[in-house]
Amino acid sequence: MRWARRWAVVFAVGSGLLGGCGDSDPPKNPVPDAGTIDAGTSDAGTIDAGTSDDGGTQADDGGTQVDAGTDAGSLGEPLPCERTQGICAGARRAVVDGAYEPVCTARSYGASYEATETRCDSLDNDCDGVTDPPSWSQVASLGYPPHAGRVGSLRVTDGVLAVVFDRLARARVIQLDTALTPLGITEVPVEVMDDNLALDSVSTRLLRTAQGPALYYASAGPAHDHTRGHLILLDEQGHHVPREGEPEGGALLFDQPVGDRATAAAVSADGTRVFAAWRNTSQSVSGGRELWGTVTALDGQAVVSPRILMRPLSDDTALYGVDVLGLRDGGFLVLARETLSGQFEGLLRLQRFDGALQAVGAERTFSMDVDPVARLVDLGAAAGDALESPAIVVRAPQGDGRALKVLGNLFGEETSRTLAVTTPGEAPWFGTAVTSRGLQTAWLSVSEDPQGGDSWFRWRGQFWALGHGGNEEVLSPGSDILPLHRYAQWVLLEELPERWMGALVMTSTESPLSHTLQAVRYCAP
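Residues numbered from 1 in each chain as written. Predicted model: local features only at pLDDT ≥ 70, side-chain atom pairs only at ≥ 80, totals over all residues. Heavy atoms only, no water.

(A) Up close: the sheet that holds strand β18 (residues 317–326). Taken together, the four strands give an open sheet; going across it, the order is β18-β19-β20-β21, and neighbouring strands pair in antiparallel fashion. The open sheet is flanked by β18 and β21 (359–368), the only strands paired with a single partner. Averaged over all neighbouring strand pairs, the angle between strand axes comes to 20°, with direction disregarded. Here strand β19 (residues 332–340) runs beside strand β20 (residues 346–353); their pairing, made up of eight bridges, is antiparallel. Following the sheet pairing, Phe 332 is matched in β20 by Phe 353. (Pairing = 2+ DSSP bridges. Helix = DSSP H or I, 4+ residues; strand = E, 2+ residues; numbered from the N terminus. Axes fitted to C-alpha atoms, helices over the stretch in contact; angles between N-to-C directions.)

(B) Broad picture of the sheet that holds strand β25 (residues 415–421). One open sheet holds the four strands; their spatial order is β22-β23-β24-β25, and the pairing between them is antiparallel. Taken across any chain shown, the strands that pair with only one partner, and hence form the sheet edges, are β22 (374–378) and β25. Mean inter-strand twist for the sheet, computed between neighbouring axes without regard to direction, equals 35°. As paired elements, strand β23 (residues 390–398) and strand β24 (residues 401–408) share seven bridges and run antiparallel to each other. Across the sheet, Gln 398 pairs through a bridge with Gly 401, a residue of β24.

(C) Structural view of the pairing of β18. Burial analysis of β18 places nine of its ten residues in the buried class, which makes it a mostly covered element. Here β18 pairs with β19 via eight bridges, running antiparallel. Directly across from Leu 325, in β19, lies its bridge partner Leu 333. Hairpin connection from β18 to β19: five residues lie between these consecutive antiparallel strands, with Gly 330 at a positive phi of about 95°. (Buried < 20%, exposed > 50% of the residue type's maximum accessible area, 1.4 Å probe, protein only.)

(D) Region of interest: the nonpolar core. Ranked by size, the top nonpolar core spans 40 residues in total, and within it Val 139, Ile 174, Leu 444, Phe 463, Leu 484 and Tyr 522 carry the most contacts. It is strand β32 (residues 500–509) that contributes the most residues to this core, six residues altogether. (Core = buried A, V, L, I, M, F, W, Y, C linked by side-chain atoms within 4.5 Å.)

(E) Quick peek at the packing of aromatic side chains. Summed over the entire model, instances satisfying the criterion amount to nine aromatic pairs. On the numbers, 4.1 Å between centres and 10° between planes, the contact of Phe 254 with Trp 278 is stacked. In this pair, Phe 254 sits in strand β13 (residues 251–256) while Trp 278 sits in strand β15 (residues 273–279), placing the two residues 24 residues apart along the sequence. Classification of Trp 278 as buried rests on a relative accessible area of 0%. Pairing Phe 463 with Tyr 522 gives two aromatic rings, centres 6.1 Å apart and planes at 65°, and the pair type is edge-to-face. With Phe 463 in strand β28 (residues 459–466) and Tyr 522 in strand β33 (residues 514–523), the pair connects residues that are 59 residues apart, well separated along the chain. As far as burial versus exposure is concerned, Phe 463 and Tyr 522 are alike and both buried. (Phe/Tyr/Trp six-rings, centres within 6.5 Å; stacked < 30°, edge-to-face > 60°.)

Structure, rendered in structure tokens:
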């Protein structure tokens with residue numbers, strides 16, 4: 001066994017092994033202006049910012065605008081405006097139709113003013129004391145609560161697609177616009193080997209291929225003795241694009257006599273091939289003694305026949321938590337966790353493969369003290385060439401809390417940097433996205449309520465993300481604590497236009513029984 005630099009990574013999450021909840025105070029709501037005006041009771045916001053209907057010219061006096069031909073001095077000193085926070089600080093009433101505005105509008109406040117803030121510009125445009133506020137909305141009610149393997153998202157031309165497996169024998173593809181407003185839901189029939197989704201027989205991802213978006217999904221038989229993977233091409237609105245002669249359930253990528261619903265898939269750099277990997281689990285052992293992989297064309301034609309990619313390094317260990325990544329040189333990267341059955345300590349194993357799934361170079365290993373969640377990301381050309389840009393995002397201990405860290409330069413002298421430090425005493429359930437501005441992350445900071453009811457529902461937390469200046473910000477609505485299900489250990493994260501980010505999370509209540517897909521749009525300049 002070759003050992004590279006060893007990394008100590010600590011993880012405590014859905015298994016119930018959480019530390020105690022910290023006593024950190026929630027952020028206080030900003031104090032509104034005493035003179036705040038309800039836009040619905042005045043003409044505030046009805047005039048475009050900076051627009052003048054009466055040909056006035058902009059003065060230097062705190063944004064005061066004077067009517068052409070009007071002697072402002074004859075009107076006396078302009079009174080201060082109602083709003084005094086943000087960009088409204090110091091504003092005085094503009095002259096309109098020969099008199100000062102009775103209620104200040106954009107004429108008085110200036111071109112950056114908005115009655116309802118919509119811009120991601122690091123300014124308090126509506127002068128309420130909150131800069132670039134996030135917006136929350138309900139996307140859809142869910143049936144079975146999906147775990148991380150049964151959800152996925154993808155940025156498309158005019159918004160975001162999300163997929164959820166929360167119904168029997170079908171996937172639901174949800175189309176959202178760039179404000180994360182739901183536009184419609186397409187139900188896509190799928191071919192699964194076990195209709196009872198409560199048995200967690202399905203895994204899925206949305207992929208960007210050379211022919212557009214695609215829905216990848218795999219299912220395992222109830223006896224854990226069979227695994228099939230499929231690919232369904234979609235259009236930018238999430239509708240199935242059937243090919244001639246293709247089964248309703250999509251192109252069959254692989255059909256193997258080994259059982260594992262937790263498969264992983266990635267697309268090649270040119271978007272024409274799909275790399276899928278799965279373990280040979282059984283009913284008695286959740287981990288696998290072998291990791292298999294295959295490469296196919298988008299229509300299911302085999303490019304590389306199924307073959308074994310990795311085996312445990314010891315007779316008493318097994319493989320868990322597989323992730324895969326398409327490399328920009330045409331090859332693929334595999335990350336797997338190896339531990340003793342029922343234990344947490346072990347290794348993260350990283351192996352590079354070429355396009356024919358032949359191992360390239362020596363395997364890299366990273367030691368861990370406790371079971372982590374680790375994800376592969378490609379930081380893009382800005383981070384270097386095809387072998388310099390791949391990275392691993394992991395949870396790691398930091399003081400009495402957790403940190404999200406990035407392990408980089410995986411094929412050279414490895415580096416480590418802290419991406420975010422999470423709330424002490426709570427566990428982060430996180431998601432990542434590589435954007436035009438670099439790596440972004442958001443997470444649910446979660447604790448277990450010891451007074452809660454059913455063990456599946458006694459989870460609670462707040463939504464955090466990297467916001468202004470790359471700083472950690474709590475973005476939950478108000479100071480609310482979100483009610484969570486144990487399966488809510490995921491955040492889907494996508495880049496939106498104009499420096500906005502979009503995240504999808506699931507909230508749940510036990511009574512009344514409900515699971516809801518929630519969207520949050522937040523500013524990350």
